[in-house]
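Summary of structural features
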Amino acid sequence: MPSFAYRGRNDAGDIVQGVMEGATAGAVADLIVGSGVTPMEIKPTTASTGKAGSGIDLQLFKQQVEHMDVLLFSRQIHTLLRAGVPIMRALAGLQESSTNSAMRDVLQDVRESLDSGRELSLSLARHPKVFSPFYLSMVRVGEMTGRLEEVFIRLFDHLAFERFMQEQVKSALRYPSFVVAAMGIAIVIVNIFVIPAFANVFKGLGAELPLMTRLLIGFSDFMVNWWHAMLVGVIGAFFGFKAWLGTSSGRYTWDRYKLKIPIAGKIIRKATLARFAASFALASRSGVPIIQALTNVAETVDNAYISDKVEKMRDGVERGESILRTSISAGVFTPVVLQMIAVGEESGALDDMMKEVADMYQSEVEYELKTLAQQIEPILIIALGIMVLILALGIFLPLWDLGKVSLRK
């Protein structure tokens, strides 16, 4: 990963400079801002940020740090810090007990960074693929307020909520995905093996075939003769779509479209709003300034469209507008969320109201995901029925016509 030399000012107004790894200069800027430093200059450099590697680093089969590793790390270090264990000793114990070699390497590097005089947030920032900007910002706040163990348990709850949402979505989509895949395989088998056999029989009749039958035979012939072109087209479309999602405009457009998908769109919107509310509540309770909190929340909603709206909310707050007014202008929040924001802003308990919103939408998303299979099942049955009807009409209409001719004779 490329290295960037940066120079900025911390909260005390002092000049801070150093070297940090990141995918782009923008990613490094986000990490620096998350650590409480306002960047003034960021430029590429060939300097090393830590341990220098030699030779070829083959990472094809290298174990990666998973979401669960960070989740367990947050919980365990909270327990150790609350028990009064020094940070270096706590990290050493976690490194020895970790079953993931990649996580052990990360903890080793963090310990070495702390030994060199860096703060914990900056040491964790050396691993942007493991610790998100939101995570780093929370750790930074914990260092500044002296409530590091409290921040870690809140981060644990936040990561556990994220994992719960992901597992629920995977579980809900497992059955519909299986049915759709089975339908696709059935269509391929019918068009390659079944319809050609009937087509040979129909050719021997010497009679004009119905339109539906001609369409089925034509599509079957196309699939048999051009299956390789169709396969290349499907693979090309898949990778083209992935490349399009890799662009900022593509990701923005797709994330905006996802919110309008029937059935799934409302679940995605509620899940995103729950993630927004939970992140905002966590940042507010940890003492993060409102503008910095909105910046951090924009990076955690996992939706480029809503993230852009949250950033515009931050700009509005910087101009002196109220949170309620900027939320209404965003146009992505439900009336319930807007009402809770209004009450929270009026009473000074915005973090409590956001926590209520997060809990409410978490419960709704859990219910929606549990009933997702039942909601999709009628659509799948209708699609399967239409497919069977088309095949039945295309194959049996000529046989029906042949039977009527035989009866007339």
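Right, let's walk through the structure included here.

The rules behind each value
Residues numbered from 1 in each chain as written. Predicted model: local features only at pLDDT ≥ 70, side-chain atom pairs only at ≥ 80, totals over all residues. Heavy atoms only, no water. Core = buried A, V, L, I, M, F, W, Y, C linked by side-chain atoms within 4.5 Å. Buried < 20%, exposed > 50% of the residue type's maximum accessible area, 1.4 Å probe, protein only. Contact = heavy atoms within 4.5 Å. Helix = DSSP H or I, 4+ residues; strand = E, 2+ residues; numbered from the N terminus. Axes fitted to C-alpha atoms, helices over the stretch in contact; angles between N-to-C directions. Parallel < 35°, antiparallel > 145°, perpendicular 65-115°, else oblique. Left-handed = near helix turned anticlockwise from the far one by under 90°. Nonpolar A, V, L, I, M, F, W, Y, C, P; charged D, E, K, R; others polar. Phe/Tyr/Trp six-rings, centres within 6.5 Å; stacked < 30°, edge-to-face > 60°. Lys NZ or Arg CZ within 6 Å of the ring centre and 35° of its normal. Salt bridge = Lys/Arg side-chain N within 4 Å of Asp/Glu carboxyl O.

So, the nonpolar core
Of all hydrophobic cores here, the largest spans 42 residues; its most connected members are Phe73, Phe131, Tyr135, Phe152 and Leu155. Excluding residues that lie within four positions of it along the chain, Phe152 makes contacts with Phe73, Ser74, Ile77, His78, Leu81, Leu120, Tyr135 and Val139. Ala281, Met313, Leu350 and Ile376 belong to the second largest nonpolar core, which has 41 residues in total.

Looking at the environment of Val19
Within the element layout of this structure, Val19 appears in strand S2 (residues 15-21). The partly exposed category is assigned to Val19, whose relative accessible area is 28%. Sequence separation between Val19 and Phe4 is 15 residues, and the spatial gap between their C-alpha atoms is 5.6 Å.

Notes on the packing of helix H2 (residues 67-82) against helix H3 (residues 87-97)
Between H2 and H3, the least distance of the axes is 10 Å, while the angle of their chain directions is 140°. For the element pair H2 / H3, the angle class is oblique. Where H2 crosses over H3, the handedness of that crossing is right-handed. Of H3, the residues touching H2 (which contributes Phe73, Gln76, Ile77, Leu80 and Leu81) are Ile87, Ala90, Leu91 and Leu94. Across the contact of H2 with H3, the residue classes break down as eight nonpolar, one polar and no charged.

A closer look at the packing of aromatic side chains
For any pair of aromatic rings, the description consists of the separation of the ring centres together with the inter-plane angle of the planes. Applying the stated criterion across every chain, the model contains eleven aromatic pairs. When the ring of Phe241 is compared with that of Trp254, the centres are 5.4 Å apart and the planes differ by 90°; the resulting orientation is edge-to-face. Here Trp254 lies in helix H10 (residues 248-258) and Phe241 lies in helix H9 (residues 227-245), a separation of 13 residues in the sequence. With a relative accessible area of 34%, Phe241 lands in the partly exposed category. Linked through ring pairs, Phe73, Phe131, Tyr135 and Phe152 together constitute an aromatic cluster. Its guanidinium or amino end placed over the ring of Phe156, Arg75 lies 5.4 Å from that ring's centre, counting from NZ or CZ.

Focus on helix H12 (residues 290-298)
Among all positions in H12, only Ala293, Leu294, Thr295, Asn296, Val297 and Ala298 are buried. On its buried side, H12 packs onto helix H6 (133-145), helix H11 (264-285) and helix H13 (304-318).

What to know about the packing of helix H8 (residues 211-225) against H9
In contact at an axis separation of 4 Å, H8 and H9 are set at 80° when each is read in the N-to-C sense. It follows that H8 is roughly perpendicular to H9 by the angle criterion. Of the residues in H9, those touching H8 at Phe222, Met223, Val224 and Asn225 are Trp227, His228 and Met230. Taken together, the residues of the contact of H8 with H9 sort by class into five nonpolar, two polar and no charged.

With respect to the pattern of salt bridges
If you walk through the whole model with that rule in mind, you get twelve salt bridges. Here Lys312 makes a salt bridge to Asp308, at a shortest N to O gap of 3.5 Å. Here Lys312 and its partner Asp308 are both found in helix H13, four residues apart, which amounts to about one turn of the helix. With a relative accessible area of 47%, Lys312 lands in the partly exposed category. Taking relative accessible area as the criterion, Asp308 reaches 22% and is therefore assigned partly exposed. Measuring nitrogen to oxygen at the nearest pair gives 3.4 Å for the salt bridge that ties Arg314 to Asp315. A network of salt bridges, in which partner residues are shared, links Lys266, Lys270, Glu364 and Glu368.

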